[in-house]
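Geometric and topological summary
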Amino acid sequence: MPPPRRAALGLLPLLLLLLLPPAPEAANKPTPCQRCRGLVDKFNQGMVDTAKKNFGGGNTAWEEKTLSKYEFSEIRLLEILEGLCEGSDFECNQMLEAQEEHLEAWWLQLKNEYPDLFEWFCVKTLKVCCLPGTYGPDCLECQGGSQRPCSGNGHCSGDGSRQGDGSCRCHVGYQGPLCADCMDGYFSSLRNETHSFCTACDESCKTCLGPTNRDCGECEVGWVLEEGACVDVDECVAETPPCSAAQFCKNVNGSYTCEECDSSCVGCTGEGPGNCKECIPGYARELGQCADVDECSLAEKACVRKNENCYNTPGSYVCVCPDGFEETEDACVPPAEADVTEESATQPPVHEDL
């Protein structure tokens, strides 16, 4: 008999949790190797900070004897250990508590035989790191060897850790399993048994054998081969304009841009009011460019009502009655005249006796 459907459904949330990407906190959490390296870096700094501590001149012979004793003493070790972790750094303190005996053994017995604390502690003892140029659980050599992984032109996956697969992630301009080959847009400027350098082609080249536009194997888009060199195509002189009627074309290397015409233009050939094909209503050509027409200064009045003021605006004008004047259909009436008009309108007509 098949299992109950409810039991199968109960596994679904667990499967979804397993498939979800790790939370940001988990993704940013230091690896064991990073924690170990951080602890070693702090230990080495502690050695620097405690060197010749509390000894300030005087009896040279006494200082040399005393310093010699202090240099390898447990007192100095304790001073270094006390400064390794902040009180709030739980992981650092936890690691220090677990590995304090190893650090003490190295300090008192093994320091002369293994002077590199990182190699002895993180690589050989805890086995959480690898030496530079090696990777993975067994600290295998990276592609291209441990001395120059990825030909010096890339990063070895897992380099220096117990992780990764040793493959190369090449720097910009390089490709291939060892990052020794040049990408399109780059050429080999130096190559021998140990080194490979790729240099960027001229911007006009998609592929090239040298640094100039005459060394192109193939021209980039927006460039064309003329007389043995890749030269820029001026798209702006094409028979069909690439920009809209309200824009002008601006050629740039390998391409073009469409820029907006000046607001005074109806069509244009370039930037500003001096390159208009025609002027918009309210503007006229003046000294070679489209300029605003001041309708208020024309011989023929723009504002025709009596007492009306004219104010020029960009491309137009407005007609306004002065302050205090009453606006009527055919005039701006002064206050006194307006009062007389109102009184006449409200006074009843006088009838003479016959």
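Rules and cut-offs
Residues numbered from 1 in each chain as written. Predicted model: local features only at pLDDT ≥ 70, side-chain atom pairs only at ≥ 80, totals over all residues. Heavy atoms only, no water. UniProt positions renumbered as here; feature names shortened; annotations may be inferred. Disulfide = S-S within 2.5 Å. Helix = DSSP H or I, 4+ residues; strand = E, 2+ residues; numbered from the N terminus. Buried < 20%, exposed > 50% of the residue type's maximum accessible area, 1.4 Å probe, protein only.

The name an unreviewed UniProt entry assigns to the chain is protein disulfide-isomerase, from the organism Saimiri boliviensis boliviensis. What UniProt records for the chain under Sequence similarities (unreviewed entry) is the sentence "Belongs to the CRELD family." Of the chain, the UniProt comment under Subcellular location (unreviewed entry) reads exactly: "Endoplasmic reticulum".

The next point concerns the state of the cysteines. Per the counting criterion, the structure on display carries 19 disulfides. The residue that forms a disulfide with Cys 236 is Cys 249, at a sulfur-sulfur distance of 2.0 Å. Negative torsions about the S-S bond denote left-handed disulfides, and the value of about -70° found for Cys 236 with Cys 249 makes this one left-handed. With Cys 236 in the loop between strand S12 (229-232) and strand S13 (247-252) and Cys 249 in strand S13, this pair connects stretches of sequence that are 13 residues apart.

Turning next to unusual backbone geometry. You will see that Cys 179, though not glycine, has its phi angle at about 55°, which is positive. With respect to the element layout, Cys 179 can be found in the loop between strand S5 (174-175) and strand S6 (181-182). The backbone phi angle of Asn 307 is positive, close to 70°, even though this residue is not glycine. With respect to the helices and strands, Asn 307 occurs in the loop between strand S18 (289-292) and strand S19 (309-313). Note on Asn 307: relative accessible area 34%, which makes it partly exposed.

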